[in-house]
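Each chain is listed here by its residues.
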Amino acid sequence: MNFRVFTVLIFIAQLSYAQSESVDVSGQINDKPGGGPLPYANVVLKDRSDGSFIIGTVTNEDGRFTLKAIQPGNYLLELSFTGYITQLLPVQVGRLSDYLDLGKFEMLEEVRTMVEMEVNAAREGVSEFMEKKTYDMEENISQLGGSVLQAMQNLPGITIDQDGKVQLRGSDRVAVLIDGQQTAITGFGNQAGLDNIPASAVERIEIINNPSARYDAQGMAGIINIIMKKSTERGFNGKGGLMAGIGALGEQRSNLPGIPGQYLYNPSINPSLSLNYRKEKINYFFQGDLINLRRLNKNEFILRTYENGDVIDQQYLENRTQTAFTIKTGVDLMLNDRNTFTLAALYGREAHIDRGSLPYFDATSGERARYWQFWEEEVNTSINISSAWVRTYDQPGKKLQVSLNYAFQREDELFFFDNTTPALIGTDTTFLIADENVLDFAIDYFRPLKSGRIELGSKLRWRYIPTNMQFFPGVNSILDMGAAGWANYDERIAALYTNYVFERSQWEMEAGLRVEYAMLDYEVIPGHNTYQSDGYTYFQPFPNMRLAYNLDKNNKISLFFNRRVDRPDEQDLRIFPKYDDPEILKTGNPTLRPQFTQSLEFGYRTSWKSGYLYTAFYGRQTTDVITRIITRIPADNLLNAISQNAGNGTNLGFEAVWEQKVNDWYEYNFNGNIYQNTMSAFTIENLYPFDLQFSMMEQKAYSGNVKWNNSIKLPNNFKLQLTGIYLAPDVIPQGRIDTRFSIDFGLTKSIQNGKGEIFANGSDIFNTLRIEREILGEDFTLRSVDFFQTQMFRLGYNYRL
C-alpha cells in the first residue's frame, strides 16, 4: 500500500498510559473598584453535580490562591468576601497540564459575574491521555533481579532483536534516556549498555512512541525513558535487596567437534541498595547496584552455502564472565521558595572476559578447515554528571529550568586471536580505545494557561569521540594493517522548540515544532587504505501534532503526526574491521547519512470500571534506512557486513492493548501488534575490502507479536505473574528472522508487615527463545540459529528501611 494512500485512509493517535492524578489550580482576585489585590478572600471548589464541598482556601496578601491536588472533573468555583458579591464559576478540569492558571478575577459590589473556565490536568499511570505508557518495575515480578534489557522484553510494544537491541513496533531506532537525559551508559545511537543496568536500580520505564517537540528529534521508533530510583521523603529511608540466580539449565545443541564446552548452570548475583535522607531544604540520595554473572553469551550455528558449491558449517561459541555495577548519587538543594538546584552523578563500570571458539568445517567432506579462537578483555567505564537549576514563580506551574550535563564513556577492548588451519598456525592482537565525550546545555520554560500550557526551549550539544584501533600482527597474521589507525567523531547540534497544549470540554490539541541544525565531521587517519574523512550537515524542522476528541468520559479518538531523525552512531561509521568472526567481518561506513521518518497514527480508547481497550493504526515511512548489508569478498568465501543507507522503508501496523480486572484475585494485560514491513529495492556500493556493488529487490513481510501478562493474587500475601511472549517471523535486510516464543513466571510474598518481600522468578523457563535467521546474498545463502542463554531462574529478598 502506498504510504500517501495510507495517510488518507488512516491517521494516528498515540495512546498514552501515563498521567498525573491531580492538578494544582491557581488564580488571583482583585478589587474591582480599586484594582488592587484582594487578600483573605474565600475560594471554595464544589462538585458541580451536587454542590458538595471539595476544597477551600483564602487568598494571600497578593490576592493569589492555589487549590492543590484537584482530580479531573466538573466543578463550581465559589469566590466570596464580606461586602462583595459572591461569584460562582463553572470549572472543567481537563487532563493535559499539571498546573493551570485561571488568571485574574475581579470582585464586584453590585454585579454577579458568571464566567466559564476550563482547567486542564495530566494524570500519571494508566489512563486515557495519549502521550506515553508507564510501567513500574516492581510490578514486573518475572524479571526482578535481572537487567533492564531483560525486563523490557515483557513490556507491551517492545521486542528484543537477535543482536540484543530494543525494538518498538519492529524498529531498533530507539532513543534511550535515563531520567530524561541521554547518557553514555545507554548510548546515544544504540542500547548497548541496557544489559548492564540492573532492573533493581530502576523505578519505572516510560515508552513514548510519538514524542513531542520538547524531546530530542533522535529516534524514529520513539523514546524509552528509564527513571532511576530516587526518594524525596523526609528523614532517612531506603531499600536493600539481594538476588541470586542460575541460568542455562542444559545443552540445547551439541558443539561441533574439538572445542571447549558451553557455559551451563551459570550463576549470577545482584545486591542493591537505595538510600535517601531529607532534612529541611536538603535531600541526599544514593542508589548502588551490582551484577556478577557467568553466561553463554552466544552459541550460533551457521551454514553458508555458495553458488560455486562450497558449503561451510560453522559454530560461534562465546562464553562470558561479567561484572557490572552502577552508582547514582546526588543532592537537591532548596535554596529558597523559588529556586532549587540539583547536582547528580551516575557512574557505571562493566568488565567482561569473552572466550570465543569458532570451528569451520567443510560440510561436504566433514573435515575441519579452520579453527579460530579469541580471548577478549573489555572494560566500559562511564560517568554522567548532571546539574539543573529550577526557578518557579508565584503562578503555580510556571517555571524556568537551566541544565548542564556532561557524559563520558571509555571503551577499552583487547583481543587475542589464534588461527589454526591444516597449513599454518597464526596469532594476532588488536587493541581499541574509544572515549565518548558529550556536553549538553538546555534551557526550558513552561507556563500554564487557562486552557492548556506553552513550552519553549533550546538545546546545544557537542559530542566528540576519538577512537584509536591498533593492530599487532603475530605469526602468519591475517590482519589488514592498512585498515588500522585513528578516527575522530565530532558532532554539534543546536535546537529550538515550542510546544502548545490546548483543551476544551471535548477537544484536545497538542502542536509543536523543533528546528534542529546538526553538523558531523568524521576525520579519518590520512593514508587509510579505503576511507577518507567525511561528514554531513542538515537544517531541518521536526513538527508534531496530536488532535483528540472525547466522545464521552469513557471513549476517546486521537490523531497524531510526527517527524523524526536517526543520525548514524559512531559505531555505524567506525572504519576498523572487527575480527571476532574472521570469515564474517563487520565494518562501519563514514559515508552514512541520517535517515528521516514521518509517522501517522489513529487510535481509539474505551474504558470501563474494571479495564480498558486501546487500539491504534500506525504507519511510518523512512528514507535512507540505515542497516548492515552483507556481501561476499570476491574470489573468496569470506563475507563482510558493512553499514549502509539501503533505500526506503515502510512500516504499517495495528496495535491493541486490553487490560482487564476479572475479579479480586485475577487480572491480565493482553498486547498484540501486527505490522507489515517493506524495504524498497536498492543498490549500494561496499568499498571495503574491495569495491563492489550489491542490489536487492523489494522485500515485504507481515509480522507481529503477542504478549499476555497474567497477575494472580494468592492466599497468604502471595502474588503470581505469568507472561507468554510470541514473536512472528519478520523481514530483516536481505532476509528474514523466524518465530520466537517464551514463557516467564514470577512469584512474590510480602512479609515483615509489608517491609520485606521474597520473590522467585524464571525467564524463558522452557528454553525456547532461540534466534533463527536466513540471509540471501547475490551468490550465497546464510542460515543460522543462535542458542544463546535466555533461560534464568532467580531467588531474592527486598527490605524497605
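Just above, that's the structure.
Bear in mind that the values here come from a model prediction, so they are computed numbers and not experimental data. (Residues numbered from 1 in each chain as written. Predicted model: local features only at pLDDT ≥ 70, side-chain atom pairs only at ≥ 80, totals over all residues. Heavy atoms only, no water.)

Participant: So what about the sheet that holds strand β28 (residues 584-587)? Which residues, and what values?
Facilitator: Taken together, 3 strands build an open sheet; the order of strands is β28-β32-β31 and the sheet is mixed. Two strands bound the open sheet, and with one partner strand each, they are β28 and β31 (626-632). Neighbour-to-neighbour, the strand axes of the sheet open up by a mean angle of 30°, direction not taken into account. Sheet topology places β31 next to strand β32 (residues 639-645); 7 bridges connect them, and they run antiparallel. Note that in β32 the partner of I630 across the bridge is A641. (Pairing = 2+ DSSP bridges. Helix = DSSP H or I, 4+ residues; strand = E, 2+ residues; numbered from the N terminus. Axes fitted to C-alpha atoms, helices over the stretch in contact; angles between N-to-C directions.)

Participant: Could you give an account of the environment of R349, with specific residues and numbers?
Facilitator: In this structure, R349 sits in strand β19 (residues 339-362). Taking relative accessible area as the criterion, R349 reaches 34% and is therefore assigned partly exposed. It is 23 Å that separates the C-alpha atoms of R349 and F374, two residues lying 25 residues apart in sequence. When sequence neighbours within four positions are dropped, the list of residues in contact with R349 reads T323, A324, F325, V379, N380 and T381. (Buried < 20%, exposed > 50% of the residue type's maximum accessible area, 1.4 Å probe, protein only. Contact = heavy atoms within 4.5 Å.)

Participant: Go over the sheet that holds strand β14 (residues 222-228) with me, naming the residues and quoting the values.
Facilitator: One open sheet accounts for 4 strands, arranged β9-β13-β14-β12; its pairing is mixed. Lying at the two open borders of the sheet, with one neighbouring strand each, are β9 (133-136) and β12 (174-178). On average, each strand axis in the sheet is inclined to that of its neighbour by 15°, with strand direction left out of account. Sheet topology places strand β13 (residues 202-208) next to β14; 6 bridges connect them, and they run antiparallel.

Participant: For the environment of Q315, give the residues involved together with the corresponding values.
Facilitator: Checked against the element boundaries, Q315 lands in strand β18 (residues 311-334). A relative accessible area of 0% means that Q315 is categorised as buried. When sequence neighbours within four positions are dropped, the list of residues in contact with Q315 reads N255, L256, I259, Q262, N299, E300, F301, S357, L358 and P359. A distance of 2.8 Å separates the side chain of Q315 from the backbone nitrogen of L256, its partner in a polar contact. (Polar contact = N/O pair within 3.5 Å; in protein donor to acceptor, adjacent residues only side chain to side chain.)

Participant: Tell me what's going on with the pattern of salt bridges, and back it up with residues and numbers.
Facilitator: Per the stated rule, a full pass over the model turns up 38 salt bridges. Note that R173 and D572 form a salt bridge whose closest N and O atoms lie 3.8 Å from each other. Of the two residues, R173 is situated in the loop between β11 (166-168) and β12 and D572 in helix α3 (residues 570-573); the sequence distance between them amounts to 399 residues. Per residue, the accessibility class of R173 equals that of D572, and both read buried. E455 is the salt-bridge partner of R214, the closest N and O atoms lying 3.4 Å from each other. Pair noted here: R214 is in the loop between β13 and β14 and E455 is in strand β23 (residues 452-473), with a separation of 241 residues, a long-range link. Note on E455: relative accessible area 2%, which makes it buried. Taken together, the shared-partner salt bridges in this structure form one network comprising E436, R463, E491, E516, R567 and D569. (Salt bridge = Lys/Arg side-chain N within 4 Å of Asp/Glu carboxyl O.)

This is a description of form; function is not addressed.
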